[in-house]
Amino acid sequence: MFWWTNSEVAGRLKDRQHARQAKLDASVSFQSALTPSEEKLHALPIAEIVRRCHLGEISPSEILGVYAKKTIRAQARTNCIADIMFDQALSSVPQDNEVSGTDSDSDSEIVRNRPLLGVPISLKETVDLENYDSTIGFLSNVGKPAKTSAPIVRLLQDAGAILHAKTTVPTALLSLATSSPVFGNTTNPYNPEYSVGASTGGGAALIACGGSKIEIGSDVGGSVRIPAHFCGTWSLKGSAGRFPVWQNQSSVNGCEAIPLIAGPLAGSLEDLEEFWKRVMEMQPWEYDFTCVPLPWRPINLQEEGRKLKWGIIWEDGVIPPTPACRRALSMVAEALKEQGHEVVDFTPPPIPDLLEVGYQLLFADGGEQIRAQLVPSERINPALQSIIDVLRLPRWFKSIVSWVNRATDPLYANLVNILHPKSIKEERDLVMERDRFKAQWHEEWIKQGLDFVLTVPAPTPAIKHDQVLQASLMSCSYTFLFNVLDYTAGVLPVTKVDRKTDALPPDFDPSKMNTICKGVYSCYNSNDMHGLPLGVQVVGRRMEEEKVIEGMKVAQSALKRSGIIFEGLKG
């Protein structure tokens, strides 16, 4: 049975990879550079694409032609594409003389208006699309296409969007790099030696290369925010229930204590806002039972003119940000101060304690759900594997390891001791502990009168592909924190690494750091990282998606007035 199953999986994988390559090879007409007129179409924001498509000045097929070219170039540059659907992309979109017509299959005025008409949107490979795989990077899922499309897919199709590509993911998703035997390795568009982050890494690379207007990603620990930080794009993680997530697959499906969140990445803040607003106008709760019936709530903090209060989390108590990431955060803080906003240091309830609860809830099954999806000899990324290995160690052995390390590295010692499978009662106790932390954060936020919290998305810029183990999944702490709290969080790019400005001080001594910090800082080299993007994270409370987008606009405007404008990739 073992050899038969292995052979069958290998055959499906070979067929899958050949089919993908055949589609790419067949896209000959999209392998040339954009013409000047196509460059103008590519520069159009979402609102203008929709307006001009409705007027008949341009057609969805023209837009697809432009973005198909960009997609093929992005694939050649980064290997970010899991599948392309150029031939099928326009099947549900009215063409040319049909754009002003009505949808005979629906009486909905919203659907007839098609608020995303002609907008190219890519899907993370995990989003179910009828007749296409959602492998999650697992070999066992290859050649098993979804039988129905996810609610977000149906919503986007009704809205007139062009769904033209699915993007790469790492095996089991939980990673700092996007690599799997199914799709290979996805590289950072700014430097191929570096990672795109994970698990929406393929989508971030495609957006950065201009191959899509919007990527539909997912986030259980930072998977739309860390790739945005690594690749210089904008992203938003809402609260559970705000954005359609049903049939967006995960390696930890059913983990309600740390729920999977779906959300968009975009090539500009303007497009991010426009997309979010138009999805909300489509009443996603009518498509997806997981969504709460909460429509778009307009807010304009800039027109109101009031000064906002920003609390900054400089360090999470686990890994202090490297010089480059700290500088990006400082730039935003100073720009906001220059515009008269109040910027204060924010010391929330102990972050390491909350993270420990979160890690235990995420891996409460002892990693069994992930292991069960692996075929014999299949491997996951070293960082995730190291956690799985700890989970499987005997409790008595971990107690000894913890005791030996407690005096010199209490953080690591405690982490080793707590990571083990949980009983139902233990898991429920952890949920109660999580909620006590939520209450404390809520009280402290109200007490200090904060509008937003600012922090880094990760302690480092993008890391090299072979540094995943050194960085460890613990370096996702700055994003995972807000998954545990279920707070809204967005990322916007600020600047890029500078080899001189961001160098470690001459007297830097890593020996004084804990084990986790040493691993992260061993990956940091400002000279090698020169030119990589740096972002910041803007955080609001639960269900404050519109306000967080406004906060991102305020921060970006303040940076612009200070002469700081992020420049993405050229060409």
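- As recorded in an unreviewed UniProt entry, the protein goes by the name Amidase domain-containing protein, listed as coming from Marasmiellus scandens.
- The annotation that UniProt attaches to the protein under Sequence similarities (unreviewed entry) is "Belongs to the amidase family."

Comments concerning the nonpolar core
Move 1: Among the nonpolar cores identified, the biggest contains 183 residues, and Leu116, Ile121, Leu156, Ile216, Phe275, Trp310 and Trp441 are the most heavily contacted of them.
Move 2: No other element matches helix α12 (residues 323-338), which puts 9 residues into this core.
Move 3: When near neighbours in sequence (up to four residues on either side) are disregarded, Leu156 contacts Leu116, Ile121, Leu123, Ala161, Leu163, Ile216 and Phe275.

Points about the packing of helix α18 (residues 424-448) against helix α20 (residues 477-485)
Move 1: Interhelical geometry of α18 versus α20 gives an angle of 100 degrees and a closest axis separation of 9 Å. Our classification of the angle between α18 and α20 gives roughly perpendicular. Contacts between α18 and α20 involve Arg434, Phe437, Lys438 and Trp441 from the former and Leu481, Phe482, Val484 and Leu485 from the latter.
Move 2: When the residues that make up the contact of α18 with α20 are grouped by side-chain class, the tally is 6 nonpolar, no polar and 2 charged.

What about the packing of aromatic side chains?
Move 1: The full count for this structure, using the stated rule, is 12 aromatic pairs.
Move 2: Ring geometry for Tyr359 against Phe480: centres 5.2 Å apart, planes inclined by 15 degrees, an arrangement best described as stacked. One end of the pair, Tyr359, is in helix α13 (residues 351-362); the other, Phe480, is in helix α20, and 121 residues separate them in sequence. Across this residue pair, the class does not change: Tyr359 and Phe480 are buried.
Move 3: Through a chain of ring-to-ring contacts, the aromatic side chains of Phe346, Trp441, Trp445, Phe482 and Tyr487 assemble into a single cluster.
Move 4: For Lys496, the ring lying beneath its charged end belongs to Phe566, and the centroid distance is 5.5 Å.
Move 5: Above the face of the Phe452 ring, Lys547 is positioned so that its terminal group lies 5.5 Å from the ring centre.

Parameters at a glance
Residues numbered from 1 in each chain as written. Predicted model: local features only at pLDDT ≥ 70, side-chain atom pairs only at ≥ 80, totals over all residues. Heavy atoms only, no water. UniProt positions renumbered as here; feature names shortened; annotations may be inferred. Core = buried A, V, L, I, M, F, W, Y, C linked by side-chain atoms within 4.5 Å. Buried < 20%, exposed > 50% of the residue type's maximum accessible area, 1.4 Å probe, protein only. Helix = DSSP H or I, 4+ residues; strand = E, 2+ residues; numbered from the N terminus. Contact = heavy atoms within 4.5 Å. Axes fitted to C-alpha atoms, helices over the stretch in contact; angles between N-to-C directions. Parallel < 35°, antiparallel > 145°, perpendicular 65-115°, else oblique. Nonpolar A, V, L, I, M, F, W, Y, C, P; charged D, E, K, R; others polar. Phe/Tyr/Trp six-rings, centres within 6.5 Å; stacked < 30°, edge-to-face > 60°. Lys NZ or Arg CZ within 6 Å of the ring centre and 35° of its normal.

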